[in-house]
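Summary of structural features
Here is what each chain is made of, one letter per residue.
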Amino acid sequence: MSPNLDSAIKTQVPALLLRSLFGAGRRDEAKQPVGRRRVFVQTETGCVLGMDLDRGDSAHTVKRRLQLALNVPTGETSLTFGDRVLENDLSFIRPDSPLLLTRNIINRSCSTPCLCPVSKDFEQKDCSGLVEILGCSSSCAQVKRLVDDVVNAIRSGVDPVPIDSGLGGSYYFRNVVGDRVAIVKPTDEEPFAPNNPKGFVGRALGQPGLKKSVRVGETGFREVAAYLLDHENFANVPATALVKITHTVFNINCPVNGGNPATAHDQKQQVNSKIASFQQFIAHDFDASDHGTSSFPVAAVHRIGILDIRIFNTDRHAGNVLVRKFNGGTGRFGCQTELFPIDHGMCLPENLEDPYFEWIHWAQASIPFSEEELEYIRNLDPTKDVVMLRRELPMIREACLRVLVLCTIFLKEAAAFGLCLAEIGEMMTREFRAMEEEPSQLEVVCMEARRRVAEWEPFSPAAEQGEDTDFQFSMDMLGEYNDVIRSPRFNGSGMKGSSFRSPLSKLVESVNEGNDDHEDRYECDRVFYAGLNTPSVPSKTTGQNGNTTRSAMNRSADEQLPSSMGFVRLSDMSAEEWSLFLKKFQELLKEALHERARVAAGQRMKQRLGTSCKF
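What comes next is a walk through the structure. Only a predicted model underlies this, so the values are computations on that prediction, with no experimental measurement involved. (Residues numbered from 1 in each chain as written. Predicted model: local features only at pLDDT ≥ 70, side-chain atom pairs only at ≥ 80, totals over all residues. Heavy atoms only, no water.)

All right, on to the pattern of salt bridges then. A full pass over the atoms with the stated rule returns 33 salt bridges. The partner of E372 in a salt bridge is R303, with the nearest N and O atoms 3.0 Å apart. Pair noted here: E372 is in helix α8 (residues 371-379) and R303 is in helix α7 (residues 298-310), with a separation of 69 residues, a long-range link. Overall, E372 belongs to the exposed group, its relative accessible area being 53%. Because the salt bridges share partners, they merge into one network encompassing D83, R215, E218, R222, E350 and R397. (Salt bridge = Lys/Arg side-chain N within 4 Å of Asp/Glu carboxyl O. Helix = DSSP H or I, 4+ residues; strand = E, 2+ residues; numbered from the N terminus. Buried < 20%, exposed > 50% of the residue type's maximum accessible area, 1.4 Å probe, protein only.)

Here it is in structure tokens:
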């Protein structure tokens, strides 16, 4: 039996005060003055509050309303919208935008009160709908139909079902007949987020997450971005949108009203509003890890790979490719197997790191692109994609958009040069040699492009005039650095006080100068793992009341996060520098592709000569 969503915990916030602070619900939208818009403010502990903004409202007004309604201290806090810190002017904020309130102090804790005002009067105004789509355009018609199905099911007493697998909180939402129609992933239940239901907590929203270039609470809009960038459903990404959704099934770890964490019984009676990704559920037979890949259509693998390259997917393993079999019929490409890529929360990182493409090892990835696929790649326009994402997901960070532009340009150039999917993926992937992580071929090109930008006269007045800085790209250009990097002089285990630095280390330091998140010196005696380092499953103990508790619930995320290395940054360049960087990047990329072809041809010649000499 579904809990009564209209029954809620009483708070000390008077109903009249709430009415005056937050205005009427959506049912009164027709009476609202022109210029009023509804936004959703999320605290770093996951609490969500919907409110109406007038044209003259400022960040101070929003903070004051939060303080009165939630009893949240707003001193030393910042109201943010993606990269922007909001102050007086909020006129550019679009309706239904999610804002984030973060504290400016360094030490953040999940013990900060997460106060959810859920009086009956407040709920009718803050939760005018059980599911509200945030910033959705006409392209979300399919999602809107799914939302209607879910809302009807909830009102009919059909409850969602928590999903046990994975590191984050996720839920199956069903229709009135009980069929799964959507998967919902709250942003504050991601790994390391404050309300993660599986014990992986310790970070506030906006801090580095499993991947240090993907912040906690920001995987949801990346899921939406992947769907929006899958033009014409080319790769089969399920329909996805960002929503504000309300239900008692969601998890809350943080204390309510400053008291003890809610018991299981109390939590079931508590109505919780969340900002979450809402994705169409795809009925499937298994995922790619449970089945041999030989039956996968070549076109399906290519299309998923094209998308992964564009969005620099750092987590494309076989488990997030769903497989549907057709018995007696055929699927999309005339085959009996159809693929659906899911779980794109780790795409579009803020910096280049080591991606993971499972399909590199599949035979289909070594087959050349078809003419239809090449035509699709040629028609990709990164500039239009950036404009579209800024319109649909205005909270997306500029660094993410730059990664998209860079990778789309790289894909277009590499495909036009004749590289297959596996070769393109290999150029983006780092290698480990002697237990050291080396930059990918893509990163090497970016590093040299950044060096040229830094030496460009308008940006570096101190650069020596007339110096010859011509760069001859070589696929094994790091070979001259490798012996030096591993030498005792470089890693600090040899000559004391030596000031020697390799050219590569100088380049890395010049890129990361002024970045507090990276070390001042390039330490090559460390092992940097950019891949997913899954934290150990928290141990469970049984309390005196028989309830299961997680002993690792509040452990520090610093102990669980993997180290990672960023060889090149894109976010710290000005608009002029970024434009010049792209120009230099394209010039160097052409050299890199020609050099790769030359080296590959030489290797093939050696293989043929070696074979012909056998008797």
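Positive phi outside glycine occurs at N233, with the angle close to 50 degrees. Residue placement: N233 occurs in the loop between α5 (219-229) and β10 (240-247). Positioned with a positive phi, F312 is a non-glycine residue whose angle comes to about 50 degrees. Tracing the chain through its elements places F312 in the loop between α7 and β13 (321-325). Since its relative accessible area comes to 1%, F312 is described here as buried.

This paragraph deals with the packing of aromatic side chains. Evaluated as defined, the whole model comprises eight aromatic pairs. Where F234 meets Y376, the ring centres are 3.6 Å apart and the plane angle is 5 degrees; that geometry is what we call stacked. Here the residue F234 occupies a position in the loop between α5 and β10, and Y376 occupies one in helix α8, the gap between them amounting to 142 residues. Of the two residues, F234 and Y376, neither departs from the other in class, the shared state being buried. (Phe/Tyr/Trp six-rings, centres within 6.5 Å; stacked < 30°, edge-to-face > 60°.)

Our focus in this paragraph is the sheet that holds strand β6 (residues 131-133). Ordered in space as β6-β10-β11-β9-β8-β7, the six strands form an open sheet in which the pairing is antiparallel. Looking at strand neighbours, the two that pair on one side only are β6 and β7 (161-162), the edges of this open sheet. Sheet analysis places β6 next to β10, joined by three bridges and oriented antiparallel. Note that in β10 the partner of V131 across the bridge is I245. Against the sheet, α5 makes contact with β9 (180-186), β10 and β11 (272-280), and its axis sits at roughly 140 degrees relative to β10, the strand it touches most. (Pairing = 2+ DSSP bridges. Contact = heavy atoms within 4.5 Å. Axes fitted to C-alpha atoms, helices over the stretch in contact; angles between N-to-C directions.)

What follows covers the sheet that holds strand β12 (residues 286-287). One open sheet accounts for three strands, arranged β12-β13-β14; its pairing is antiparallel. The sheet is open, and its two borders are formed by β12 and β14 (337-341), each paired with just one other strand.

Before going further, it helps to spend a moment on helix α10 (residues 398-417). For α10, which comprises 20 residues, the first-to-last C-alpha distance of 29 Å matches the rise-based estimate of 28 Å (1.5 Å per residue) to within 8%. One or two residues past the end of α10 sits G418, with phi positive at roughly 105 degrees. (Expected span 1.5 Å × (residues − 1).)

Look at α7 against helix α11 (residues 421-428): their axes get within 10 Å of each other, and the N-to-C directions meet at 25 degrees. Looking at the two axes, α7 sits roughly parallel to α11. Both α7 and α11 take part in a crossing whose hand is left-handed. Between α7, through V301, H302, G305, I306 and I309, and α11, the contact on the second element is made entirely by L421, I424 and M428. (Parallel < 35°, antiparallel > 145°, perpendicular 65-115°, else oblique. Left-handed = near helix turned anticlockwise from the far one by under 90°.)

Here we come to the packing of α8 against α10. Viewed as axis vectors pointing N to C, α8 and α10 meet at an angle of 140 degrees, and their least axial separation amounts to 9 Å. For the element pair α8 / α10, the angle class is oblique. As α8 runs across α10, the sense of the crossing is left-handed. Seen from α8, the contacting residues are L374, I377, R378 and N379; seen from α10, they are L411, K412 and A415. The residue inventory of the contact of α8 with α10, partitioned by class, reads four nonpolar, one polar and two charged. (Nonpolar A, V, L, I, M, F, W, Y, C, P; charged D, E, K, R; others polar.)

The next point concerns the environment of A592. Following the sequence through the fold, A592 ends up in helix α16 (residues 575-612). Looking at A592, the relative accessible area reads 0%, which means it is buried. Taking the C-alpha atoms as reference points, A592 and V445, 147 residues apart in sequence, are found 7.5 Å from one another.

Of all seven residues in strand β1 (residues 37-43), seven are buried; the element is thus mostly enclosed. Alternating positions in β1 separate into two faces, R37, V39, V41 and T43 on one and R38, F40 and Q42 on the other, with burial throughout. Alignment of β1 against strand β2 (residues 48-53), held across six bridges, turns out to be antiparallel. Across the sheet, Q42 pairs through a bridge with V48, a residue of β2. Between β1 and β2, which pair antiparallel in sequence order, lie four residues; one of them, G46, sits at a positive phi of approximately 105 degrees. Note: β1 against strand β5 (residues 98-103), four bridges, orientation parallel. Within the sheet, the bridge partner assigned to F40 lies in β5 and is P98.

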